[in-house]
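Observations on the model geometry
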Amino acid sequence: MASLSEEVLLVVKKVRQRKQDGTLYLMAERIAWGPEGKDRFTVSHLYADIRCQKISPDGKAKVQLQLVLHTGESTTFHFANESSALKDREAAKELLQQLLPKFKKKANKELEEKNRMLQEDPVLFQLYKDLVVSQVISAEEFWANRLGGVNNTDPTLFNNKQEVGISGAFLADIRPQTDGCNGLRYNLTADIIESIFRTYPAVKQKYSENVPHNLTEKEFWTRFFQSHYFHRDRINTGTQDIFSECAKQDEKGLKSLVVQGVKNPLVDLLSLEDKTLDEGYGVSTTQPSTSNANRTVKESSNYAIIKRFNHHSAMVLAAGSRKGETPADQASETSSTDGNSRDSDFFQPPVKKVKLQEAIEYEDLQRENRPKTVALNLKKSDRYAHGPVPLQSQQYTTSQDIINSVNYIRHEMANYKPNLTQVVSSTAASSAIVALSPGGVLMQAGAQQAINQMVPSEVQGELKHLYVAAGELLRHFWSCFPVNTPFLEEKVIKMKSNLERFQMTKLCPFQDKIQRQYLSTNLTGHLEEMLQTAYNKFHIWQTRRMMRKT
Amino acid sequence: MKLNIEGLLVYFPYDYIYPEQYSYMLELKRTLDAKGHGVLEMPSGTGKTISLLSLIIAYQRAFPLEVTKLIYCSRTVPEIEKVIEELRKLMEFYSKETGESNNFLALALSSRKNLCIHPEILHANIVVYSYHYLLDPKIADLVSKELAKKSVVVFDEAHNIDNVCIDSMSVNITRRTLDRCQNNVDTLQNTIHKIKETDAAKLREEYRRLVEGLKEANVARETDIYLANPVLPDEILQEAVPGTIRTAEHFVGFLRRFLEYLKSRLRVQHVVQESAPQFLKDIFDKVCIDRKPLRFCAERLQSLLRTLEIADIADFSAVTLISNFATLVSTYSQGFTIIIEPFEDRTPTIANPVLHFSCMDPSIAIKPVFQRFQSVIITSGTLSPLDIYPRILDFRPVTMASFTMTLARTCLCPLIVGRGNDQVALSSKFETREDFAVIRNYGNLLLEMSAIVPDGIVAFFTSYVYMENIVASWYEQGILENIQRNKLIFIETQDAAETSMALEKYQEACENGRGAILLSVARGKVSEGIDFVHHFGRAVIMFGVPYVYTQSRILKARLEYLRDQFQIRENDFLTFDAMRHAAQCVGRAIRGKTDYGLMIFADKRYARADKRGKLPRWIQEHINDGSLNLTVDEAVQLAKHFLRQMAQPFRQEDQLGLSLLTLEQLQSEEMLQKITQIAHQT
C-alpha cells in the first residue's frame, strides 16, 4: 500500500508495537509501523487523524510514545533500542510536534467542512444518519467521494484564500510601556512581526542576515525600536546601525517609485500646468523653497516625518496587493493596440483616454446605457412556463376562418350518416370501455392513485429517505464497474454486502411496517427491483470471475 | 436633445438636461446677443463646459458673421483635454443628427511640445488652449495676436485669473539672471562682430527698417488685425526707434550699461521699495539712460535676434527678461512696484538679493483681451462675490449671474466646526496657531472623521509650514498612529513628483476599499488641479481660513494699490482671496449631482457673515443656522446622519423632474418659470 513516492522523513528501528519488534517510519503525511522482516505496514495513521501524542514520563523504564486518534483509539510504540531509546523517542516526538499542527489545521478544516455540508443539506444529513449512523457504511466511505469533490473541484478556494492585508497602524499597537525602572517595554506579537516583515522586506532581510548569527532576536528588535521606523522624526541614526542601511534602501525605493512616475495622467502634478512661467517671471508669493541646505533641524525632522508616513502608507498598500498584481495593466496595454488610430494627429495613451472619458461623463444625463432590465409583466404565466410552441405547424386562423369552419362542422354534423357496416358490436364496445376505464385491465398501471393520496406523509417521508439511501449505495456499487483493479474488486464485494445489509436493516423493517398498516407492498417493489438488478449484476460478475480463476 | 434657447436651435448631446444648464445657456446667449462680457458662476459638475460649447457652437452656426471663432481658455492640461473630449462628443452628435460631416475645425494647443503656430489657427472655428496663450504677452504675441475680433473668448476656471494676469507681467531679477545676461550680451557682441565681417548689408538693412519705425505694427493695430501687446505701448508704435540704440553695437553697449546699473542696484544692504518713475529718475541720474530707449528695448532686442538669425532663443532668455523689464518699467508709471530685497527674511545671513518688479494691477494684462474681443466670458464654479472680478479686472460685464445646483437630494453637507469637545475655540489665526489645544482638537476632528467617513478624506491646511508643524505635533501626540488604524495617511510634499505618487497611492487605497486620508495645502497644486470625485473624496476638511501670507512686501504693495485705485479694502480683498481658495478646496469633493460629500470648515471664523457670505451661493444655501458653530462631536453626529442618508440608492428616476429634465419636462410652463429663479443676478 505504501506508494514509492512517499517521502520518508525519519526511520526508527527497534520499535515495539504490541510486543512485536519492528520499524517506525515517519513520512510526509502519515506515520507507519511495520513488523521486522516484513515489507508492509500493519499500523498506519495519517497525521490528520492523530489528535495528540503522549510520551511516558522520563523516569519510567519503558520509553514509550502514544498516539491518540480523533476516533479515540490509540496506538503505543515502545522504543526498545537500549542505547538510544530516549534519543529515538525524542527525535520522533520532535518531528511529530512539527508535523501535527500542520495537519491539525487541515483536519479541523475538513471536519468543519463536513459539519457545514451536513448542516446546510438536510437530505445529506438524513443520508448520513441512514447510512453512517446506522453503520451501513463507514463514515470514511461516505465522505470518500463527496469531500473529494469539494476539495478537487474548487481547489482555488483553498489555495488562493484571500490575503489579509496589513493594518496601517501595526506599529501603533506596540505600545511602549514603562516597566517601572527606567526602561521601556514593547509588546511585540507574532502578528506584528509578520506585519513588519511583510511591509518592510528590507527589515526581514536584515533579520535573516543577522539573527541569530550576529544578534539575538531581542537585540534585533531593540535596535528596530530605536530606528527610524519607529521614530519617524529621527533624521540620522548612527551609521553603524543595521537599520541605517534599510533607511537608505527605503529612500532608494521611494525615489525609484517617484522616478517611475504615475500612470494616471490626471494626478500627475508635473504635467498639470500647460506652461510654467519662464524663469524670472511671475510673482513669487509662495515662500521661498526650503532646499536641503538651509533647513533647520526642526524643519528637516518634520520633513522626515512626512516622507516616512508617505512611505509607510505606500509600503502597507503594496504589501496588501503584492500577491495579486492585478491584470489591469495588461488590459490597458492590450487596448492600446487597437483603436486610437483615428486620432493619429492627437495621440493619447489609452489610460489617459479612459480617464478623460470617465472625467467628462455625466451618467445621469445619459439614458442608462446598460440593457434595460424591465420586469416581465406576464398576463398568462402558465404560457410562459410552458415555453414557446414551435410555430411551423401552426397556422394562424382569422375569425372569419373560425366561423367558416364552425359552419362547416355544423353542416357536416347535420348531414352525418353512420357507416353501419363498419361499427363494432355493442358488447365489444362496452368491454373496451370497461377495460379502458380506471380500474380496468388496460388501466392497471395508470389506475394507481398518486402516492400522496394513498399513504400517510410520515410513510412517504420514510420512503423518500430509503430511496435516497438506496440510491447512494447503488451509486457506490455501480461506480465499481467495470471492476478492473483489486481495489475495486474489494469495494464491489463490500458494497454488495452493504446493499444486503441495507435491505436487511432498513428495507425489510419498512416493508413489515407498511404491511402492518395494510398498505400496498407495491410501494417498495421498485426499490427491491433495483436491488435485485444489482445483485444479478454482482452474481454475473462473480460467476465470471470464478470461471476465469478456475 | 435639441433645445430652443430663445429662438436659437441648440444641439445638446445628452438625453437629459439639468435645469441650471438651460438657465446658463439662456444667460450666455443674452451675453452674446449683447456683444458684451459676462461673469457666470455655476457649480462644478453641473456640465458647464458642455453647456458653453453647445450654445456657442450653435450660435456660431446660426450667425456665422456675428461670431467667427470660439477661443476657449482653461488652466491645466487635463482640463484642456477634457474640453477637447467634450467637443468631440458634441461634434459626433452633430454629425449624427444632421447627417452631414461637420466642417468645424477645432484646434487644441497644449504644452509647448505640441505648440502649433500653424496658420490654421486663423481658420479654426474653435481654439482651445491655456490662459497664457492669451494673457502672457510673450506668448500671445506669437500665438494669438492675429485672432479675429469677432471671437468669443471663454476663461473657464477663472477664479484665479487675476493672479495669472499678474504673474504674466511680473519679473524677478537675481544675481544669477544678471550673470547669464552678461554672457548673452557677450555672445551678441561676438556675433555682431562676425556678421559685420561677412554680411554687413544685413545690419544696414535692419537699421533702415528701424528708421521706418514700428509703423507696420501700428498699421496692423489700427486696422485691427492684431491683438494688442500690453508690453508694447501704443505711443511707441508711431515713433522711430531712437537713434541711441539703432545700430547693433550701440544697442549692445546700451544693454551693458543697463546691466551694470542693475548690478549696482542689487548691491544693497536693506530693502528698497520704489515706484517705476522713481526708478527711471534714478537710472537717468546714475547712468544717463533715458526713458525712451528703454521703452524700445524689448522690440529692439527681438529685431536684433531676428537679424542675427539666432535659432535658439531660449539661450537668450536672460537678456530677453531684462529687456522686457526695461520696456515695462518705462511704459507703466502705475500698477507696478519695484522691491529690492538683499536677502530672504528667513535667512538674513545669506545674501541673495532679488529685484522684484511686480505687477499689482491684473487689468493691465487682460485689457487688450477685453478691448479686442466682442464677448469675453469669465466663468468658474467659484467666483463669489461676483462683483469683485469686474472691479479688479476693470471691465463692465453685461451679465453677471450665479447659478445654484438644483438637487433632488442634498448631496453636500457643509459644517462649520468652531469648537472642540472641550469648548476650545478652533481657529488657525496667528495668535492661536501654536496653541496645543487647537492642534489637538484639530487632530481629534480628523480622527473622529476617519472613523465614520468611508473611503477618502482630503484635509487642507492654510500653508505648507502650518501643515508640517501640525503633522509633527500630531505625530508626537500619537494622533496619526490612531488615525492609521482607520485609514492610510498620505501627505502632500513640496516635491511635485513625490506628491503625484502619494496622490496615486491615495486613490489606490480609496479604490481597494482600505480608505485613505490626504493631507494637503490650500493654494497648492492639489487644491487647484485635482478632483476628488465620488469615493476619492467623501469629506473635505478645511483646517483654518487660508489667508495668504500677509507679511510679504509684494502682497502689501498690492493691497495698497487695490485700496488706492479700486477702493477695495485690504481686509475685504484678503477675505475674498481666502474664501475663494477655501471654496476651491471644499468644492474638490463635489463633482456632480450623483456625487456626495461633507464639507467641513474647521475654524470658528467661517461662521461670521463676512466670511460665509463670500462663499459661492451653491454652498452657502446649504449652511443652516444650526451648523454654524459645532463641536467636533456634534459635527460627527450630523456627518453620520448625512452619510447614512447618502448611502441609500440614488437613481435617475429620483432626479427626473427636479434636478434632471427631459425635453418635455423642460418645455412645460411651470418648469420654465422655475428655471428663471436658478440664475441669481447681481
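Residues numbered from 1 in each chain as written. Chains lettered and ligands numbered in written order. Predicted model: local features only at pLDDT ≥ 70, side-chain atom pairs only at ≥ 80, totals over all residues. Heavy atoms only, no water.

1. Things to note about the overall build of chain B
Short version of the rule: Secondary structure is summarised from DSSP: a helix means a run of H or I of at least four residues, a strand means a run of E of at least two, and numbering begins at the N terminus for each. Per-residue accessibility, obtained with a 1.4 Å probe over protein chains only, is compared with the maximum for each type, and a residue is labelled buried under 20%, exposed over 50%, and partly exposed between these values. In this description, contact between two residues means that some pair of their heavy atoms is separated by no more than 4.5 Å. Reported accessibility uses the Shrake-Rupley method at a 1.4 Å probe radius. Residues are deemed covered only where the shown protein chains occlude them. All tallies of charge rest on Lys and Arg as positive and Asp and Glu as negative; His and the ends of each chain are not included. We put the charge of a Lys on NZ, of an Arg on CZ, of an Asp on CG and of a Glu on CD.
Of the regular secondary structure elements, chain B holds 30 helices and 21 strands. Within chain B, the proportion of its 682 residues that are buried is 62%. Put simply, of all contacts in chain B between residues at least 6 apart along the chain, 79% involve residues at least 24 apart. For chain B, the computed accessible surface area is about 25200 Å², with 50% contributed by carbon and sulfur atoms. In chain B, the 79 positive side-chain charges and the 85 negative ones have mean positions that sit 3 Å from each other.

2. Quick word on the packing of helix H14 (residues 291-307) of chain B against helix H15 (residues 317-331) of chain B
Residue and element names in this part refer to chain B. Selection rule: The convention used is that axes are lines fitted to C-alpha atoms, helices contributing only their stretch in contact, and that angles between N-to-C directions extend from 0 to 180 degrees. In a left-handed crossing the near helix is turned counterclockwise from the far helix by less than a right angle, and in a right-handed crossing that turn is clockwise. Gly falls in the polar group here, along with every residue not listed as nonpolar (Ala, Val, Leu, Ile, Met, Phe, Trp, Tyr, Cys, Pro) or charged (Asp, Glu, Lys, Arg).
The interhelical angle for the contact between H14 and H15, taken along N-to-C directions, is 145°, at an axis separation of 7 Å. Classified by chirality, the crossing of H15 by H14 is left-handed. Across the interface between the two elements, Arg-291, Leu-294, Arg-295, Phe-296, Cys-297, Ala-298, Leu-301 and Gln-302 from H14 touch Val-319, Thr-320, Ser-323, Asn-324, Ala-326, Thr-327, Ser-330 and Thr-331 from H15. Among the residues making up the contact of H14 with H15, the classes are represented as seven nonpolar, seven polar and two charged.

3. So, the domain arrangement of chain A
To be explicit about the condition: Domain extents, as shown, originate in an automatic or database domain assignment.
Parsing chain A into structural domains produces domain 1 (8-109), domain 2 (177-247) and domain 3 (454-549). Once you take the C-alpha centre of each, domain 1 of chain A and domain 2 of chain A turn out to be 41 Å apart.

4. Looking at the domain arrangement of chain B
A common measure of how large an interface is: the accessible area buried when the components associate. Residue and element names in this part refer to chain B. How we decide: By buried area we mean how much accessible surface two parts lose on assembly, using a 1.4 Å probe and totalling the loss over both. A pair is scored as a salt bridge if a Lys or Arg side-chain nitrogen falls within 4 Å of a carboxyl oxygen belonging to Asp or Glu. Polar contacts, as counted here, are pairs of nitrogen or oxygen atoms within 3.5 Å of one another; within protein the pair requires one atom able to donate a hydrogen and one able to accept it, and residues that are adjacent in sequence qualify only if both atoms are side-chain atoms.
With domains assigned, chain B is organised as domain 1 (2-158 + 374-405 + 661-681), domain 2 (168-360) and domain 3 (412-649). Between domain 1 and domain 3, the residue contacts involve 27 residues of the former and 23 residues of the latter. In terms of surface lost to domain 3, no three residues of domain 1 exceed Thr-382, Ile-392 and Met-405, which account for 26% of the buried area on that side. Summed over the shared surface of domain 1 and domain 3, the number is three salt bridges. Where domain 1 meets domain 3, there are eight residue pairs in polar contact (both at pLDDT 80 or more). Mapped by element, the contributors of at least two residues to the side of domain 1 that touches domain 3 are helix H1 (19-33), helix H17 (388-393), strand E13 (397-403) and strand E21 (679-681).

5. Overview of the packing of aromatic side chains
Residue and element names in this part refer to chain B. Using the following cut-off: For Phe, Tyr and Trp, where Trp contributes only its six-membered ring, two rings pair if their centres lie within 6.5 Å, and the inter-plane angle classes them as stacked under 30 degrees, edge-to-face over 60, or tilted in between. Here, a charge over a ring is recorded when the distance from Lys NZ or Arg CZ to the ring centre is within 6 Å and its angle to the ring normal is within 35 degrees.
Tallied over the entire structure, the rule returns 41 aromatic pairs over all chains. Ring plane angle 75° and centroid distance 5.1 Å describe the contact between Phe-325 and Phe-357, whose orientation is recorded as edge-to-face. Note that Phe-325 is positioned in helix H15 and Phe-357 in strand E11 (residues 351-359), a separation of 32 residues in sequence. For the pair formed by Phe-325 and Phe-357, the shared burial category is buried. Seen in terms of ring centroids, Trp-474 and Phe-543 are 5.8 Å apart; in terms of plane orientation they differ by 70°. Their pairing is edge-to-face. Of this pair, Trp-474 sits in helix H19 (residues 464-476) while Phe-543 sits in strand E18 (residues 539-543); the two residues are 69 residues apart in sequence, bridging distant segments of the chain. In this structure, Trp-474 and Phe-543 share a single accessibility class: buried. What links up through ring pairs into an aromatic cluster is the set Phe-258, Tyr-261, Phe-279, Phe-325, Tyr-332, Phe-336 and Phe-357. Lying across the ring of Tyr-596, Arg-538 places its NZ or CZ 3.7 Å from the centre.

6. Here we look at the interface of chain A and chain B
Between chain A and chain B, the residue contacts involve 75 residues of the former and 95 residues of the latter. Remark: the boundary between chain A and chain B carries two salt bridges. Salt-bridge contacts for Glu-85 of chain B lead to Lys-353 of chain A; the nearest nitrogen and oxygen are separated by 3.7 Å. In this assembly, chain A and chain B are joined by 17 residue pairs in polar contact (both at pLDDT 80 or more). Elements with a contribution of two residues or more to the side of chain A that touches chain B: helix H8 (242-260), helix H9 (297-321) and helix H11 (350-360) of chain A. Residue composition of the side of chain A that touches chain B, by class: 32 nonpolar, 21 polar and 22 charged.

7. Focus on the sheet that holds E21 of chain B
All names here are of chain B. We count it as follows: We treat two strands as partners when DSSP finds at least two bridges between them.
Within the open sheet, the eight strands sit side by side as E5-E6-E4-E7-E12-E3-E13-E21. Their pairing is mixed. Here the strands that pair on one side only, and so sit at the sheet edges, are strand E5 (106-109) and E21. This sheet shows a mean twist of 20° between the axes of neighbouring strands, independent of strand direction. Across the sheet, H1 lies against strand E3 (37-41), strand E7 (151-155), strand E12 (375-380), E13 and E21, angled at about 175° from E13, the strand it touches most.

8. Here we look at H1 of chain B
All names here are of chain B. Our working rule: Multiplying 1.5 Å by the residue count of a helix minus one yields the expected span of that helix.
Taking 1.5 Å per residue, 15 residues should reach 21 Å; H1 reaches 21 Å between its end C-alpha atoms and fits that length. Where burial is concerned, most of H1 is hidden: 13 out of the 15 residues are buried. Phi for Lys-35, located one or two positions after H1, is positive at around 50°.

9. Looking at the nonpolar core
Applicable threshold: Among buried residues, those of type Ala, Val, Leu, Ile, Met, Phe, Trp, Tyr and Cys that are joined through side-chain atoms within 4.5 Å constitute a nonpolar core.
Counting 119 residues, the largest nonpolar core has Leu-446, Met-449, Trp-474, Leu-519, Ile-541, Phe-543 and Leu-598 of chain B as the members making the most contacts within it. Discounting residues that sit within four places of it in the chain, Leu-598 of chain B has contacts with Cys-413, Leu-415, Val-453, Arg-538, Ala-539, Val-540, Ala-639, Phe-642 and Leu-643 of chain B.

10. Examining the side chain of Lys-48 of chain B
Residues and elements named next belong to chain B. The residue Lys-48 is located in helix H2 (residues 48-62) in this model. With relative accessibility at 5%, the residue Lys-48 sits in the buried group. Sequence-distant contacts of Lys-48, that is, excluding residues within four places in its chain, are made with Tyr-24, Met-42, Asp-156, Glu-157, Thr-379, Ser-380 and Gly-381.

11. A look at the pairing of strand E4 (residues 69-74) of chain B
All names here are of chain B. Where burial is concerned, most of E4 is hidden: six out of the six residues are buried. Neither face of E4 is exposed, since Lys-69, Ile-71 and Cys-73 on one face and Leu-70, Tyr-72 and Ser-74 on the opposite face are all buried. Across five bridges, the pairing between E4 and E7 is parallel. Looking at the pairing, Cys-73 lines up with Phe-155 of E7.

12. So, helix H12 (residues 248-266) of chain B
Over its 19 residues, H12 of chain B runs 27 Å from end to end, which matches the ideal 27 Å to within 8%, given 1.5 Å per residue. Buried residues of H12 of chain B: Ala-248, Phe-251, Val-252, Phe-254, Leu-255, Phe-258, Leu-259, Tyr-261, Leu-262, Lys-263, Arg-265 and Leu-266 of chain B, and no others.

13. Remarks on the environment of Phe-296 of chain B
Residue and element names in this part refer to chain B. Position of Phe-296 among the secondary structure elements: in helix H14. What makes Phe-296 buried here is its relative accessible area of 0%. C-alpha separation for the pair Phe-296 and Leu-70, spaced 226 residues apart in sequence, amounts to 33 Å.

14. Topic: the environment of Lys-556 of chain B
All names here are of chain B. Mapped onto the elements, Lys-556 comes out in helix H23 (residues 553-566). Note on Lys-556: relative accessible area 41%, which makes it partly exposed. Lys-556 sits 392 residues away from Val-164 along the chain, and the two C-alpha atoms are 18 Å apart. When near neighbours in sequence (up to four residues on either side) are disregarded, Lys-556 contacts Thr-550 and Gln-551.

15. Overview of unusual backbone geometry
The linkage connecting Phe-481 of chain A with the following residue, Pro-482 of chain A, adopts the cis geometry, with an omega of -10°. Summarising the element assignment, Pro-482 of chain A is placed in the loop between helix H17 (457-478) and helix H18 (486-516). Residues Ser-384 of chain B and Pro-385 of chain B are joined by a peptide bond in cis, for which omega reads -10°. Of note, Pro-385 of chain B is situated in the loop between E12 and H17.

16. Here's the deal with the pattern of salt bridges
Residues and elements named next belong to chain B. Under the counting rule described, the total for this entry stands at 49 salt bridges over all chains. Between Arg-30 and Glu-27 there is a salt bridge, with its nearest N and O atoms 3.3 Å apart. Of the two residues, Arg-30 and Glu-27 are both situated in helix H1; the distance of three residues between them amounts to about one turn of the helix. Overall, the relative accessible area of 36% leaves Arg-30 in the partly exposed class. A residue is classified by how much of its surface remains accessible, and Glu-27, at 5% relative accessible area, is buried. Across the salt bridge formed by Glu-309 and Lys-202, the nearest N and O atoms sit 3.0 Å from each other. You can see Glu-309 sitting in the loop between H14 and H15 and its partner Lys-202 sitting in helix H9 (residues 200-212), a full 107 residues away along the chain. Relative accessible area serves as the criterion here: at 22%, Lys-202 is assigned to the partly exposed category. Bridged by salt links that share partners, the residues Asp-162, Arg-523, Arg-558, Asp-577 and Arg-580 form one connected network.

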